[in-house]
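Working through the structure, step by step
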Amino acid sequence: MRNQDIANSILDLVGQTPIVKLQRITKDLPGDFYAKVEAFNPGHSAKDRIALHIVENAEKKGILTPGDTIVETTSGNTGFSLAMIALVKGYKCILAVSDKSSQNKIDVLKTMGAEVHVCPANVAADDPRSYYETAKRIHKETPNSIYINQYFNELNIEAHYHTTGPEIWKQTQGKVTHIIVASGTGGTISGTGRYLKEQNPEIQILGVDAIGSVIKKYHETRELDESEISPYKIEGLGKNLVPGATDFDVVDVYEKVSDKEAALASRELVQEEGLFCGYTSGAVIQATKQYAEKGIFNENSFVVVILPDHGIRYMDKIYSDTWMKEQGFLE
Ligand code: PMP
C-alpha cells in the first residue's frame, strides 16, 4: 500500500517503492534508465523488506513473542529497520555494528532504542572481536533471542523474491531488460534476480561489487581469493567472505567500482536528478557507466537500477567536502 489508504502502522508502508526515470545522469548512454528508490521505505532503505520478512517469519513459527530480543550484525540499515520494527512490535533490539559505520548511523540506532556494540571492521570474520562473532555470542547469552543472520539467511533472498522482484516486473509492465544491483549480503540481487529470470530468462542481472571485496572473483571462479581483500570505504557493498545469502547462479556478471568514483557518482546523482541517496547508490550509478562502456546496453535496453538507501546517513562522509578532501576524492 502507499499513501491512498490509512496505514495501520508504519510497518504497512514497507515496500511498494517508486521507480523514477533518470533524466540526465545517463543521457549519453544507449537505452532508457530507471531508478527504484528504496529510500522511500519508512526505514529509508531496502533493508526494511528483509527485516520485516524475517521477523514475521519468526513470529509465525512461534519463536518470537513480544518482550523477546532481536540480535543482528549490521552496517546500519538493517539495524535501523530492525530497531523500528522492534519499537512497533514490542521487542528488544541488540546490534553489533562495524566501526566503519558512521557515528551518525550509530547515534541514529541508539535513538531508535537499540543497544549498539561497536566492533572492529578490519579483523577476520572468525575473530572473536568481529561483529559476526559478537552477535553470535550475544545471541547465545541472551535468553529468548533470535539471530537474524542476514548474510546466511535464505529468508533474505525470499523477501526480495516476494516483493522487489514482483514490484519491478509490474511497474515496468514486463519491459525490463537489465537490472543493476549492489551486492552485500546478496539478498537483493538474488531474490529480485531470481523472480525476474523466472518471468523472462533473458533479463540480465548485473551485480555491483567493491574493489577490495571477494564477490566478483568468487562469482567467476567459485573460489574465495583472499588476495582480492583490501580495506575500502563503501559501506554495505561487497564482502571479505562468501555470503550464503547470495545465489551466484542468478547473477550474470559483476562489475567492481572504486571508493572515489562511487562517491563522486553519489554527488552527481544529487546534482543531476535531485536524488539524495547513499554511497552504494553512487556505486550502482558508477557501475552503470562502466557496464555501458563495455557495450552491455543498446537503444532498446530498459534498465532498472536499484538505489538501496537515503543520503542523509552519509552527511559526515561522501556529502562532507572535508571528508572527501581527506580521502583525496576532491581537490
Ligand atoms: N547498500 C547498502 C547501503 C546496504 O546497507 C546494503 C546491505 N549490506 C546493500 C547496499 C546491499 O544489499 P544486499 O545486502 O541485499 O546485497
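Our subject is the structure listed above.
From a predicted model like this one, the values you see are computed outputs, not experimental measurements.

Another point: the pattern of salt bridges. For the structure shown, the criterion picks out 23 salt bridges. For Lys 216, the salt bridge is made with Glu 220, and the minimal N-O distance between the two is 2.7 Å. One end of the pair is Lys 216 and the other is Glu 220, both in helix H8 (residues 215–221) and 4 residues apart, which spans about a single turn. Among the ionic pairs, Lys 289 bridges to Glu 268, the shortest N-O distance being 2.5 Å. In this pair, Lys 289 sits in helix H10 (residues 279–293) while Glu 268 sits in helix H9 (residues 259–273), placing the two residues 21 residues apart along the sequence. Connected via shared salt-bridge partners are Lys 36, Glu 38, Arg 49 and Glu 167.

In this section: the nonpolar core. In this structure, Leu 22, Ile 180, Tyr 279 and Val 305 are the most contacted members of the largest nonpolar core, which totals 39 residues. Mapped by element, the contributors of at least two residues to this core are strand E2 (32–37), strand E7 (178–182), strand E8 (204–210), H9, H10, strand E10 (302–307) and helix H11 (321–326). If you tally residues by element for this core, the top one is H10, at 7 residues. If sequence neighbours within four positions are ignored, Val 305 has contacts with Leu 22, Tyr 34, Ala 35, Lys 36, Ile 180, Val 284, Ile 285 and Thr 288. Membership of the second largest hydrophobic core comes to 27 residues, among which are Leu 64, Ile 70, Met 84 and Ile 146.

Near the ligand lie 16 residues; those nearest to it are Gly 184, Thr 185, Gly 186, Thr 188 and Thr 280. One of the backbone N or O atoms of Gly 184 is found 2.7 Å from an oxygen atom in the ligand. Tallied by class, the residues present in the shell around the ligand amount to 3 nonpolar, 10 polar and 3 charged.

Reading guide: rules and limits
- Residues numbered from 1 in each chain as written.
- Predicted model: local features only at pLDDT ≥ 70, side-chain atom pairs only at ≥ 80, totals over all residues.
- Heavy atoms only, no water.
- Salt bridge = Lys/Arg side-chain N within 4 Å of Asp/Glu carboxyl O.
- Helix = DSSP H or I, 4+ residues; strand = E, 2+ residues; numbered from the N terminus.
- Core = buried A, V, L, I, M, F, W, Y, C linked by side-chain atoms within 4.5 Å.
- Buried < 20%, exposed > 50% of the residue type's maximum accessible area, 1.4 Å probe, protein only.
- Contact = heavy atoms within 4.5 Å.
- Near = heavy atom within 4 Å.
- Polar contact = N/O pair within 3.5 Å; in protein donor to acceptor, adjacent residues only side chain to side chain.
- Nonpolar A, V, L, I, M, F, W, Y, C, P; charged D, E, K, R; others polar.

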